Amino acid sequence: MTTASIDELFAHNQEWAARMERDRPGFFTGLLAQQKPRYMWIGCSDSRVPANQITGLEPGEVFVHRNIANVVVPTDLNCLSTIQYAVDQLKVEHLMVVGHYGCGGVLAALQDARIGLADNWIRHVKDVRDKHSELLEGLDLQWRHDALCELNAIEQVLNIAHSTVMQDAWARGQKVQLHGWCYSLTNGLITNLHMTVPDVAGLEEAHRQAVAEVASRVRK
Ligand code: CO
């Protein structure tokens, strides 16, 4: 792994900007006029899970919000205003919560580990753990950790679906789909958790099925 210095970051930036302009003249000025992303990504702050690189999306193509353990709390003005802007103003068509296997925040929730101020934030992941205690019970730690990473993404999709932003958008007939995914640090692949919610009517069934799939994966 390279450890770049600050000077190198500026050098890389200048090289990148020059390369982009050379290969695709007008790339930057084209983006100046407006951003019109089709996607919003809510992911973990973990440096190993960069939204654009993983999905091959370019500047201008994905609106991003990240926090520790990709949690969506209805009282979090930061996250909620980002979602509201994406849905109401940018009119994104897909909104995905992307957890990742091996998430340190999720592991801390699982083990009741103290890591600092984030303990209070991770309380929300513990709520997910407690909600699904029956499913998680009796699994060895690796499986329990994987399953909670998946369940956490699924439950955060549920939280978005219950937000006034999404309820209002769906009520006025706006087409916005929610998705729950989980990214593997081991092989770079995204697992679709099939928590795919096209509208308010599809919510409960999608949630039931997605949780059942988690259960069937861990019981293999
Ligand atoms: Co994480």
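Figured I'd write up the structure that's included with this text. (Residues numbered from 1 in each chain as written. Predicted model: local features only at pLDDT ≥ 70, side-chain atom pairs only at ≥ 80, totals over all residues. Heavy atoms only, no water.)

### Points about the overall build of the protein chain
Reasoning step 1: Broken down by element type, the protein chain carries 10 helices and five strands.
Reasoning step 2: Taken over the C-alpha trace, the protein chain has a radius of gyration of 19 Å; the compact-globule value for 220 residues is 17 Å, and the two agree within 12%.
Reasoning step 3: When the backbone C-alpha atoms are referred to their principal axes, the protein chain occupies close to 55 × 45 × 35 Å.
Reasoning step 4: Expressed as a percentage of the 220 residues in the protein chain, the buried residues total 44%.
Reasoning step 5: Taking contacts inside the protein chain between residues at least 6 apart in sequence as the whole, the part at least 24 apart equals 62%.
Reasoning step 6: When the accessible surface of the protein chain is summed, it comes to about 12,000 Å², and 54% of that surface belongs to carbon and sulfur atoms.
Reasoning step 7: Counting 20 positive and 26 negative side-chain charges, the protein chain places the centres of these two groups 2 Å from one another. (Helix = DSSP H or I, 4+ residues; strand = E, 2+ residues; numbered from the N terminus. Rg over C-alpha atoms; globule rule 2.2 N^0.38 Å. Buried < 20%, exposed > 50% of the residue type's maximum accessible area, 1.4 Å probe, protein only. Contact = heavy atoms within 4.5 Å. Areas by Shrake-Rupley, 256 points an atom, 1.4 Å probe, with all protein chains shown as cover. Lys, Arg positive; Asp, Glu negative; His and termini not counted. Charge placed at Lys NZ, Arg CZ, Asp CG, Glu CD.)

### What to know about the nonpolar core
Reasoning step 1: Grouped together as the largest cluster of nonpolar side chains are 56 residues, with contacts concentrated most on I42, I83, I160, L178 and M195.
Reasoning step 2: The element that contributes the greatest number of residues to this core is helix 8 (residues 141-162), accounting for 10 residues.
Reasoning step 3: If you look at the next biggest cluster of nonpolar residues, it comprises 10 residues, including I54, L57, W181 and Y183. (Core = buried A, V, L, I, M, F, W, Y, C linked by side-chain atoms within 4.5 Å.)

### As for helix 9 (residues 164-171)
For an α-helix the count is 3.6 residues per turn, leaving residues at separations of three or four pointing the same way.
Reasoning step 1: Those residues of helix 9 that fall on the buried side of the exposure criterion are V165, M166, A169 and W170. Looking straight down helix 9, one finds its buried side chains confined to an arc of 120 degrees; they lie on one side. Exposed and oriented more than 90 degrees from the buried face of helix 9 are T164 and A171.
Reasoning step 2: Positive backbone phi, approximately 85 degrees, marks G173, located one or two places after helix 9. (Arc of directions from axis to C-beta.)

### Focus on the state of the cysteines
Note on terminology: a disulfide is the covalent bond linking the sulfur atoms of two cysteines.
Reasoning step 1: Within this structure, the stated rule accounts for zero disulfides.
Reasoning step 2: You can see C79 has no disulfide; the closest cysteine sulfur is in C44, sitting 13 Å from it.
Reasoning step 3: A relative accessible area of 0% places C79 in the buried class.
Reasoning step 4: For C149, which is in no disulfide, the shortest distance to another cysteine sulfur is to C182 and amounts to 5.4 Å. (Disulfide = S-S within 2.5 Å.)

### Thoughts on a nonpolar patch on the surface
Reasoning step 1: Together, I6, L9 and F10 line one region of the surface with nonpolar side chains, adding up to about 330 Å² of accessible area.
Reasoning step 2: Position of I6 among the secondary structure elements: in helix 1 (residues 6-23).
Reasoning step 3: When its relative accessible area of 58% is taken as the criterion, I6 is described as exposed. (Patch = residues over 30% accessible without salt bridge, like charges linked within 9 Å, V, L, I, M, F, W, Y side chains within 5 Å. Salt bridge = Lys/Arg side-chain N within 4 Å of Asp/Glu carboxyl O.)

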